[in-house]
Protein chains: 2
Amino acid sequence: MELGISPWPSSFCSSVLDKLKASARKVRKIGEDDPRRIAHSFKVGLALTAVSFFYYATPIYDGFGVSAIWAVMTVVVVLEYTVGATLSKGLNRAVATLIAGVLGVGAHEVAARSGERGEPIVLGLFVFVLGAASTFSRFVPAIKARYDYGVTIFILTFSLVAVSSFRVEELLQLAHQRLSTVAIGVAICLATSFFVFPVWAGEELHKLVASNLEKLASFLEGLEAECFGEKARQQNMEGKPFLQVHKSVLNSKASEDSLLNFAKWEPRHGRFGCHHPWKQYQKLGALNRHCASSMESLVSFITTFREPMSKNTDPDISEKIRTSCVEMSSGSAKALRELSTAIRAMTVPHPANGHVAASLAASADLRRALSGGVALSEVTDIAAISFLLAEIVGRTEEIAGSVEELARLAMFKPVEPDCGSAVKPVADDEETTTRVAITIDR
Amino acid sequence: MELGISPWPSSFCSSVLDKLKASARKVRKIGEDDPRRIAHSFKVGLALTAVSFFYYATPIYDGFGVSAIWAVMTVVVVLEYTVGATLSKGLNRAVATLIAGVLGVGAHEVAARSGERGEPIVLGLFVFVLGAASTFSRFVPAIKARYDYGVTIFILTFSLVAVSSFRVEELLQLAHQRLSTVAIGVAICLATSFFVFPVWAGEELHKLVASNLEKLASFLEGLEAECFGEKARQQNMEGKPFLQVHKSVLNSKASEDSLLNFAKWEPRHGRFGCHHPWKQYQKLGALNRHCASSMESLVSFITTFREPMSKNTDPDISEKIRTSCVEMSSGSAKALRELSTAIRAMTVPHPANGHVAASLAASADLRRALSGGVALSEVTDIAAISFLLAEIVGRTEEIAGSVEELARLAMFKPVEPDCGSAVKPVADDEETTTRVAITIDR
C-alpha cells in the first residue's frame, strides 16, 4: 500500500492472467474439438526428432555431410495433416527434385563450354527462362491443382543446382546428395503419416459429405419444430440457431475440393478401395450446396415475414398448409438423415424408405390444394415459403439420386436383412407412439 | 507406303501435333486473359537471375559462402503474385528466421552443458517440443490465417540451427549468414514486387467485388430479356448463359478472404489509403453471395417450370405480373450496375438514383395486385418467381446500403456536378427513345 502504486501491478497481473487463461481455454478447445490435431502435432515432433538423428549419427553424417540438413527441411514442409496431402507433397518434391537435378546438371554442362566469363551469363539465362516458364505454368488450372508444389520445388532445385554449379566442384555429388536426403525425408514423412494415427483425406471427405447431409437435415428439423409446429407460430425467428446450420454447407466447396484432390493420391485404405469414386462426392457436394442455397432463400422469407399465416386465412386452408409444410420438412429431413447414415455405414440407401416419396406427395398435394380456387391474398407469404420448401424437397430427391449413384459406383453393401424385415414398415405417424418389440426365437 | 506402316506414324504425328496445338492455344488464352500473369512470370525470372548474381559475384560470395543459396531459395518461395502476399510471406519469413535463430542458438547453449552424449538427446527433445507446439499453433484459426507460413519457417529454422549446432563450430556465424541471406532474398522480392508491374491485392479485391456486382446485374438483365420480354416466353430456359453468370459469385468467398488477408499487409497505394476499410468488402461480398444464392433458387424455378404463365390466366393479371417483373429486374440490374460503377470510380453512389426505389415500388405494387383477390390457381408458378425476384430486390437494397457505407468509410468522392445536373432526370422508359444532346456554352 505504500506509495499507493501496489494496486496497479496486482490488477495488471490479474488482467494478464485472465487473458492467458482465456487463451489457454481456446487452445484447449481446439485440441478437444479434434484430438487428432494433438496427434498430428506429436507426429511432426516425432518425425523431426527421427530425422535429426541422421545428423547426429556419425556414419550417416559422413555419407551426406551438410546435405543431411535437406532431410530435416523436407520433413518440415512435407508432413501434412492427411496422408493424401503428405503423399502429394512428398511425391511432388521427390520427382521435381529428380527432374530439376538432371536438368541442372545438364545446364551446367552446357554453360561450362562458354568459358569462365560466359558461364554465369549462360547460367543466368537458363535460370531466367526456366524460372519464368515454370512460374507461368502455375497459372494453368490443371497444374495448379495437382502439381503447384512440385513446380515450386522444380524452380528451387534447378536454380540451386545451376547456380551452385558455378562454385561447387563436385556437382554430381551435390545433386545426388540432395536427391538422397530429400528421399530420406519423404520416406520418414510417409512412414509417420501412414503408420502413426493416419488421417485419410478420402475418409475425411466421406465424413464431411455425410455430416453436411446431417446439417441440411437439422435445418429442416428446426424449421418443422420452430415454424410449423402447433405452438411455434408468431415468433420472431431471427437468431434461431437452426437458421445458421446450413451456412457451413454453403461454404464447404474449398474444403471438399482440396480433400478430393488429396484423396486421389491415396492408396486403398480401410473401407475405401483403389477406384473409389471420389468424383461422385464432388457432385453430391454441389447438390448439397444447391440445397443449402435454397435454404438461405427460405431463411430470408422466414425472418422477414413475422406473421407467416395471415389472420384472415380460412382455418381449413391454414391447417392444410401447415400440415403439408410439416410433412415436406419432416419427410425431407428423415430422408437426408437416412442418406447420411447410409453413407457413413457404406450401405445401399433404402430406395423404398418412402420419406422422399412422402414429401414429394405432400408437395404435390399442397399444390393441388392451393390451385383449387384459394385467393392469393390469403396466403401470399406462406405460399412463397411453401414453394421454396417444395424446391428443397426437389433438391432432396436429387441428393437421394446422387447418393444411390454413389452407392452403386462404390459398391456399398446392401443392408443385411434383419429380423424385422418381414414386418410391415411402421408408418411415420406411428413413430411417436409406443412400439412393440418383436423378438423372434430362432 | 512400303511395308504398309507409313500411314501410322503420319497420323500419329498429326494427332500429337493437334494436341500440342490445342495445348498451346489454352496456354496462350491464359496469358491473354490476364497479361499480368506473363508479367509475373518475367518478374520471377528477373528476381531469380538478380539473386543468382550474389552467387557469381566473388566479393559477396566470399562474405556468405554456401549460405548465399538461401537468398535464391527465399526468392523462389516468397515472390508471389500480389504485393500483399509477397509482403506477408517475406515478413513472416524474415521475422520467423530471426526468432528461431535466436532460440536455436539458445538451445545450443543449453544443450552444450549436457556433455557430448547428452547433447543430441537434449537437442532432440527441444526439436520435438518446439516442433509439436508450433504445429499445434497452426490449428489456431487466427494464426493459420496470418502467420501460417511464419510458423513453418520458424520450425524449419529452429530445427536447422539446433540440429546443425551439433556439427557446426561457428554456429553464430551460420545463424547470422542465414538471417542476412534471407533478408537479401526478401529485399529483392519486395523490390521486384513493388516496382515491376505491381499487382496489389487490395486493388484486386476492390475490382473483384465490383465485377461481382456486374455479374449479378447481368443475371437480372438476362432474366428481364429472356423471361419477361414480350417475345421470350414459352422457351426452354435450360442452358441459357445468363443462368450461369451468378455462379462464380457464389464461389468467390475463398478468393475474397485470401485477397482481404493480403490487402491488410499492403501500404498506401494508388487510390487506397493506409486505413482503407478492407473489412467492408468482406461484408459486401457476403451480401453479394446472399443475392447470388437467391438467384440460384430462382434458376431452379425458371428451368423447372416451362410455362411460367398459365394459359387460363386473366390477361390483365398476366400483363401486370410481367411488367412488374420487368421493372423489378431492370431496376435492380441498373442499381447494381451503378453501384459497381461507383465502386470502380470510387465516387459516392447516387442515393436518389431511384433504381432501387423503383424496383421496391414495383415489388410492393405487384404484391398489392396479387393480394387483390386473384385466385392462386392462375399464378402459382409465376407467383413463386415474383416472390423470389422481390427478395432479390430486397438484397439489392442491402447491397446499396453496404456500398454507401463503404463510400462513407473509404471517403469516396462525391460525383462532380456535370452539365446535365440541372436537367430533370430522364425516366427509365424514355431511355430507348432518342435523346437530345444538351450542350451548354460556358
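Asks: An account of the overall build of chain A is requested, with residue identities and associated values reported.
Replies: Each helix and strand in chain A was counted, giving 15 helices and 0 strands. In chain A, 82% of the contacts between residues at least 6 apart in sequence involve partners at least 24 apart. A total accessible area of about 21,400 Å² is found for chain A, and carbon and sulfur atoms account for 62% of it.

Asks: Give a description of the state of the cysteines that names residues and reports values.
Replies: Counted according to the given criterion, the structure contains 0 disulfides over all chains. Residue Cys227 of chain A stays outside any disulfide, its sulfur separated by 9.2 Å from that of Cys325 of chain A, the closest cysteine.

Asks: For the packing of helix H2 (residues 36-56) of chain A against helix H8 (residues 171-195) of chain A, give the residues involved together with the corresponding values.
Replies: When two helices pack together, their arrangement is given by the angle between their axes and by how far apart the axes lie. All names here are of chain A. Look at H2 against H8: their axes get within 10 Å of each other, and the N-to-C directions meet at 145°. By crossing handedness, the relation of H2 to H8 is classed as right-handed. In this structure, H2 uses Lys43, Ala47, Val51 and Phe54 to contact H8, whose residues at the interface are Ile184, Ile188, Thr192 and Ser193.

Asks: Could you give me a rundown of the nonpolar core, with the residues and numbers involved?
Replies: Core analysis: the biggest nonpolar cluster contains 124 residues, and Leu223 of chain A together with Leu223 and Ile399 of chain B have the highest contact counts within it. The residues contacting Leu223 of chain A, other than those within four sequence positions of it, are Phe228, Phe242, Leu298, Ile302, Ser329 and Leu389 of chain A.

Asks: Could you give an account of the pattern of salt bridges, naming the residues involved and the relevant values?
Replies: By the definition in use, this model includes 38 salt bridges over all chains. With its nearest N and O atoms 3.2 Å apart, the salt bridge here joins Glu32 of chain B to Arg28 of chain B. In this pair, Glu32 of chain B and Arg28 of chain B are both assigned in helix H1 (residues 7-33), 4 residues apart and thus about one turn of the helix distant. A salt bridge links Glu319 of chain B to Arg322 of chain B, with the shortest nitrogen-to-oxygen separation between them at 2.9 Å. Placement of the pair is Glu319 of chain B and Arg322 of chain B together in helix H13 (residues 315-345), with a separation of 3 residues, close to one helical turn. For Arg322 of chain B, a relative accessible area of 8% gives the class buried. Among the ionic contacts, a cluster of salt bridges with common partners joins Asp34, Arg36, Glu204 and Lys207 of chain A.

Asks: An account of the interface of chain A and chain B is requested, with residue identities and associated values reported.
Replies: At the junction of the two partners, chain A supplies 74 residues and chain B supplies 74 residues. Counting every contact that joins chain A to chain B gives 0 salt bridges. There are 4 residue pairs in polar contact (both at pLDDT 80 or more) connecting chain A and chain B. Top contributing element to the side of chain A that touches chain B by residue count: H2 of chain A, with 13 residues. Of the residues assigned to the side of chain A that touches chain B, the class counts are 43 nonpolar, 23 polar and 8 charged.

Asks: Run through the packing of aromatic side chains, naming residues and quoting values.
Replies: All names here are of chain A. Within this structure, the stated rule accounts for 20 aromatic pairs over all chains. A centroid spacing of 5.4 Å and a plane angle of 35° characterise the contact between Phe272 and Trp278, whose relative ring orientation is tilted. Of the two residues, Phe272 and Trp278, both sit in the buried class. Here the basic side chain of Arg146 rests over the ring of Trp265, its NZ or CZ set 4.8 Å away from the ring centre.

Asks: Which residues make up the side chain of Glu119 of chain A, and what are the values?
Replies: All names here are of chain A. Looking at the element boundaries, Glu119 is found in helix H6 (residues 115-137). Given a relative accessible area of 12%, Glu119 falls into the buried group. In this structure, Glu119 is in contact with His108, Ala111, Ala112, Ser114, Ser165 and Phe166, ignoring residues within four places of it in sequence.

Asks: Can you tell me about the relation of the copies chain A and chain B, naming the residues and giving the values?
Replies: Superposing chain A onto chain B takes a rotation of 180° plus a shift of 0.0 Å along the axis, which leaves an RMSD of 0.1 Å. A rotation of that kind, with that shift, is consistent with a two-fold axis. The overlap is high: 100% of the interface residues of chain A also sit at the interface in chain B, so the same surface is used on both sides.

Asks: Outline the packing of helix H9 (residues 201-228) of chain B against helix H11 (residues 253-263) of chain B, listing residues and values.
Replies: All names here are of chain B. Axis separation between H9 and H11 bottoms out at 8 Å; the angle between their running directions is 150°. Crossing of H9 against H11: the hand is left-handed. From H9, Ala201, Gly202, Glu204, Leu205, Leu208, Val209 and Asn212 reach across to H11, where they touch Ser255, Glu256, Leu259, Leu260, Phe262 and Ala263. A per-class count over the contact of H9 with H11 returns 8 nonpolar, 3 polar and 2 charged.

Asks: Quick one: what's the story with a nonpolar patch on the surface, residue by residue and with numbers?
Replies: Residue and element names in this part refer to chain A. Where nonpolar side chains cluster on the molecular surface, the patch consists of Val95, Leu98, Ile99, Val102 and Leu103 and spans about 430 Å² of accessible area. Relative to the assigned elements, Val102 resides in helix H5 (residues 83-112). For Val102, a relative accessible area of 57% corresponds to the exposed category.

Asks: Quick rundown of the confidence of the model for chain A? Include the residues and the values.
Replies: All names here are of chain A. For chain A, mean pLDDT is 82; residues scoring 70 or higher make up 85% of the total. In this model residues 419-442 is a low-confidence stretch, pLDDT under 50, and it forms 7 contacts with partners more than four residues away in sequence or in other chains. Across the interface, the model reports ipTM at 0.81; the global pTM reads 0.82.

Conventions used here
- Residues numbered from 1 in each chain as written.
- Chains lettered and ligands numbered in written order.
- Predicted model: local features only at pLDDT ≥ 70, side-chain atom pairs only at ≥ 80, totals over all residues.
- Heavy atoms only, no water.
- Helix = DSSP H or I, 4+ residues; strand = E, 2+ residues; numbered from the N terminus.
- Contact = heavy atoms within 4.5 Å.
- Areas by Shrake-Rupley, 256 points an atom, 1.4 Å probe, with all protein chains shown as cover.
- Disulfide = S-S within 2.5 Å.
- Axes fitted to C-alpha atoms, helices over the stretch in contact; angles between N-to-C directions.
- Left-handed = near helix turned anticlockwise from the far one by under 90°.
- Core = buried A, V, L, I, M, F, W, Y, C linked by side-chain atoms within 4.5 Å.
- Buried < 20%, exposed > 50% of the residue type's maximum accessible area, 1.4 Å probe, protein only.
- Salt bridge = Lys/Arg side-chain N within 4 Å of Asp/Glu carboxyl O.
- Polar contact = N/O pair within 3.5 Å; in protein donor to acceptor, adjacent residues only side chain to side chain.
- Nonpolar A, V, L, I, M, F, W, Y, C, P; charged D, E, K, R; others polar.
- Phe/Tyr/Trp six-rings, centres within 6.5 Å; stacked < 30°, edge-to-face > 60°.
- Lys NZ or Arg CZ within 6 Å of the ring centre and 35° of its normal.
- Least-squares fit on C-alpha atoms with pLDDT ≥ 70 in both.
- Patch = residues over 30% accessible without salt bridge, like charges linked within 9 Å, V, L, I, M, F, W, Y side chains within 5 Å.
- pLDDT = per-residue confidence, 0-100.

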